[in-house]
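Notes for the structure review
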Amino acid sequence: MQYQTESWSSFLPTRSVDGDPLGRIEKLASENAVVVFSKSTCCMCHAIKRLFCGMGVNPTVYELDEDPRGKDLERALMRLLGSSSAVPVVFVGGKLVGAMDRVMASHINGTLVPLLKEAGALWL
Amino acid sequence: MRISFEDWQTVYCMASHRVGETSNHHNPYSVLQGINPTTNFINEEGSPFDFGELEEAIVLQGVKINNDEAKASFLTARPAATLEMFPSWPLRFHQTPRGSSKSGGESTDSGSAVNTLSSKAEAHLEPESPMASDGHGASLSQNQATQQAAKATAEKRKFGATGSTSDKVLDAKTLRRLAQNREAARKSRLRKKAYVQQLESSRIKLAQLEQDLQRARAQGLLLGGGGGASVSSGATIFDMEYGRWLDDDHRHVSELRAALQAHLPDGDLRVIVDGYVAHYDEIFRLKEVAAKSDVFHLITGMWTTPAERCFLWIGGFRPSELIKMLSTQIEPLTEQQIVGICGLQQSSQQAEEALSQGLEQLQQSLVDTIAGGSFNDGMHPMALAFAKLSNLEGFLRQADNLRQQTLHQLCRILTVRQAARCFLVIGEYYARLRALSSFWVSRPHRG
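Thresholds applied
Residues numbered from 1 in each chain as written. Chains lettered and ligands numbered in written order. Predicted model: local features only at pLDDT ≥ 70, side-chain atom pairs only at ≥ 80, totals over all residues. Heavy atoms only, no water. Helix = DSSP H or I, 4+ residues; strand = E, 2+ residues; numbered from the N terminus. Contact = heavy atoms within 4.5 Å. Areas by Shrake-Rupley, 256 points an atom, 1.4 Å probe, with all protein chains shown as cover. Phe/Tyr/Trp six-rings, centres within 6.5 Å; stacked < 30°, edge-to-face > 60°. Buried < 20%, exposed > 50% of the residue type's maximum accessible area, 1.4 Å probe, protein only. Pairing = 2+ DSSP bridges. Buried area = accessible area lost by both parts, 1.4 Å probe. Salt bridge = Lys/Arg side-chain N within 4 Å of Asp/Glu carboxyl O. Expected span 1.5 Å × (residues − 1). Axes fitted to C-alpha atoms, helices over the stretch in contact; angles between N-to-C directions. Parallel < 35°, antiparallel > 145°, perpendicular 65-115°, else oblique. Nonpolar A, V, L, I, M, F, W, Y, C, P; charged D, E, K, R; others polar. Polar contact = N/O pair within 3.5 Å; in protein donor to acceptor, adjacent residues only side chain to side chain. Disulfide = S-S within 2.5 Å.

Let's talk about the overall build of chain A
Of regular secondary structure, chain A possesses six helices and five strands. When its helices and strands are written in sequence order, chain A yields β-α-α-β-α-β-α-β-β-α-α. Taking contacts inside chain A between residues at least 6 apart in sequence as the whole, the part at least 24 apart equals 65%. Of the roughly 5,900 Å² of accessible surface on chain A, 53% is carried by carbon and sulfur atoms.

Right under this line is the structure:
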């Protein structure tokens, strides 16, 4: 699991590009095979992290509560999902998979593993 | 209702005390003595016995008897008087086999019954003389009576020293009357037996109702429960809905069984299988709604049987366990299906593990909040604890989601016939588990 604190600070000085949180989310999501937006205090986020670890996947995690502009991202994610809770949210191969229910459903119906393999997050 | 001799004594004592006429003492007593052995007369079903009424009647009777002078007149008056003593009791105790009109039959038969009574009383008042003086006649009539009244001792007593002690041969009319009395007595006994049985079953039913009432009251179903301060209507509503769901489940399982035995075509089976899946979707939906008002009720499994509750996983069955159980029960699978089932079991296990760990972290976090009791992020510890508890709903939701997805995936992997068999196995399994739980709970054991 990689916690991307460095890329946050790279955004801070250049405030002119920070107008579009959603754009930033998309950019972050495309940088790694598996991207999880989380909060350090969220237990469901902990569950989703455990799920990926259990599968042998190494996701990139962004803790929104540890980011100065996390609130903006949180709001953007809520709009994206149409849900009152922004986290956890999972992107695989730059594409939105969804919140916990979608992730589990896709794992059960067998579509998650191929997606992970395709994104290069799983080797078998 | 059988009136014991003690009851009679009590009543007449009360009556005499109230009236203050102790001179009545013997007369009601002899009346009582005359009546008491003839239990068939007294033991009638119907209106519950009212001592007050009897008391009053005895008092009046005592007054009336006091006015009689001759013993003979006392004796002849008494039969009619005894009838009047029970004004509210229906005079239905004699039903002639020929089914004559009620009033006519009654008067005739009550007359005959009363005659028997009076003759019995006569025998009491002059106990020894008829027997002693005419031993042969008495024994003859006795033998006849004994033969006739073979079944009941009451009848024996009644007819043992039957009237007309002067007659050696019983005339046809008397014989017919005796037969009628026997019949009436027999029917009376049957009615009494039926009534007692009815009372017994009512008693059991009452006990059950009281139990249900207590349970319902404990759950706050009744409005007497203080405005629902400590009880949740969401839980009770769900329990009711779950009860209905169980009835539906039984119906679905029977349908599956019948369909498989009848070897219905796949199209028909598909409809039934889809119906069963929808039936499970229904309970997950109901749980989601109920979780908003009482997540503890659901997640602790208070809605299930004890045996189910013991092996509960986040408010329901553990999907991987279900798959494991099914894999031994469903018919031979293709290699692809085996791979699919194994994959399903593995992925559900992984998901279960993840959710369990998430729940563990929630518990740890809650422990810290409750134990620490300090303000965190400017929040009151109670408010913080509330916020954490609200996550339980999410975990229950995800657990049910996992269960639902597992069932749907099973349908995709299996053929329709295999799926039908599979759901039959599931339905029967849980029915047996629930039955096991019931039997265990109600098993006889010491202490």
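Considerations on the packing of aromatic side chains
All names here are of chain B. All chains considered together, the criterion is met by twelve aromatic pairs over all chains. Aromatic pair phenylalanine 238 and tyrosine 242: ring centres 6.2 Å apart, planes at 10°, arrangement stacked. Residue phenylalanine 238 and its partner tyrosine 242 are both found in helix H11 (residues 233-261); the two are separated by four residues, about one turn of the helix. We note that phenylalanine 238, like tyrosine 242, is buried.

Concerning the pairing of strand S5 (residues 95-98) of chain A
All names here are of chain A. Looking at chain direction, strand S4 (residues 89-92) and S5 are connected through three bridges and run antiparallel. Residue valine 90 lies in a different strand from S5, and its bridge partner there is glycine 98. Counting the residues that bridge the hairpin from S4 to S5 gives two residues, and of these glycine 93 lies at a positive phi of roughly 60°.

Structural notes on the interface of chain B and chain A
Chain B puts 20 residues into the contact, and the matching count from chain A is 16 residues. Here chain B and chain A share an interface that buries about 1,600 Å² over both sides, 67% of which is from carbon and sulfur atoms. Counting the surface chain B buries against chain A, the share from its top three residues, Gln350, Gln361 and Gln398 of chain B, is 28%. At the junction of chain B with chain A, the criterion picks out zero salt bridges.

Examining the pattern of salt bridges
All names here are of chain B. Counted under the stated rule, the structure contains 20 salt bridges over all chains. For aspartate 274, the salt bridge is made with arginine 270, and the minimal N-O distance between the two is 3.4 Å. In this pair, aspartate 274 and arginine 270 both sit in helix H12 (residues 266-293), four residues apart, roughly one turn of the helix. Residue aspartate 274 is classed as partly exposed on the basis of its relative accessible area of 39%. It is possible to trace a salt-bridge network through shared partners that takes in Glu183, Arg186 and Lys187.

Let's talk about helix H18 (residues 391-413) of chain B
Helix length check: H18 of chain B, at 23 residues, gives a terminal C-alpha distance of 33 Å against a target of 33 Å (1.5 Å per residue), a fit within 8%. Among the 23 residues that make up H18 of chain B, 17 are buried, leaving the element largely enclosed by the rest of the structure.

What to know about the sheet that holds strand S3 (residues 60-63) of chain A
Residue and element names in this part refer to chain A. Pairing within the open sheet is mixed, and its five strands lie in the order S1-S3-S2-S4-S5. Each end of this open sheet is capped by a strand with a single partner; those strands are strand S1 (2-3) and S5. Here S1 pairs with S3 via two bridges, running parallel. Pairing of tyrosine 3 across the sheet is with valine 61, part of S3.

Side note on the environment of phenylalanine 37 of chain A
All names here are of chain A. Relative to the helices and strands, phenylalanine 37 resides in strand S2 (residues 34-38). Among the residues examined, phenylalanine 37 registers a relative accessible area of 0% and is labelled buried. Counting along the chain gives 36 residues from phenylalanine 37 to leucine 73, while the straight-line C-alpha distance between them is 9.3 Å. Among all residues touching phenylalanine 37, those that are not within four sequence positions of it are Ile25, Leu28, Tyr62, Leu64, Leu77, Val87, Pro88, Val89 and Phe91.

Observations concerning the packing of H11 of chain B against H12 of chain B
Between two packed helices, both the angle of their axes relative to each other and the distance between the axes serve to describe the pair. All names here are of chain B. Where H11 contacts H12, the two axes come as close as 10 Å, and the packing angle between them is 170°. In terms of axis orientation, H11 runs roughly antiparallel to H12. Looking at the contact of H11 with H12 residue by residue, the classes come out as 14 nonpolar, five polar and six charged.

Comments concerning the packing of helix H16 (residues 335-372) of chain B against helix H17 (residues 381-389) of chain B
Residue and element names in this part refer to chain B. At a closest axis distance of 9 Å, the pairing of H16 and H17 adopts a crossing angle of 170°. Judged by the inter-axis angle, H16 sits roughly antiparallel to H17. Taking contact as the criterion, the partners of Leu362, Ser365, Leu366 and Thr369 in H16 are, on H17, Pro381, Leu384, Ala385, Lys388 and Leu389. Per-class residue counts for the contact of H16 with H17 are six nonpolar, two polar and one charged.

Quick notes on the environment of arginine 443 of chain B
Residues and elements named next belong to chain B. Its place among the elements puts arginine 443 in the segment after helix H19 (416-441). For arginine 443, a relative accessible area of 31% corresponds to the partly exposed category. Engagement of the side chain of arginine 443 in a polar contact is seen with the backbone oxygen of tryptophan 440, the distance being 3.0 Å.

Details of the state of the cysteines
Disulfide: a covalent bond formed between the sulfur atoms of two cysteine residues. Throughout the structure, instances matching the rule amount to zero disulfides over all chains. Just so you know, cysteine 43 of chain A is unpaired, no disulfide at all, and the nearest cysteine sulfur is the one on cysteine 42 of chain A, 6.4 Å from it.

Some details on the side chain of threonine 369 of chain B
Residues and elements named next belong to chain B. Take threonine 369: it is sitting in helix H16. Looking at threonine 369, its side chain comes within polar contact range of the side chain of lysine 388, at 2.7 Å. Sequence-distant contacts of threonine 369, that is, excluding residues within four places in its chain, are made with Pro381, Leu384, Ala385 and Lys388.

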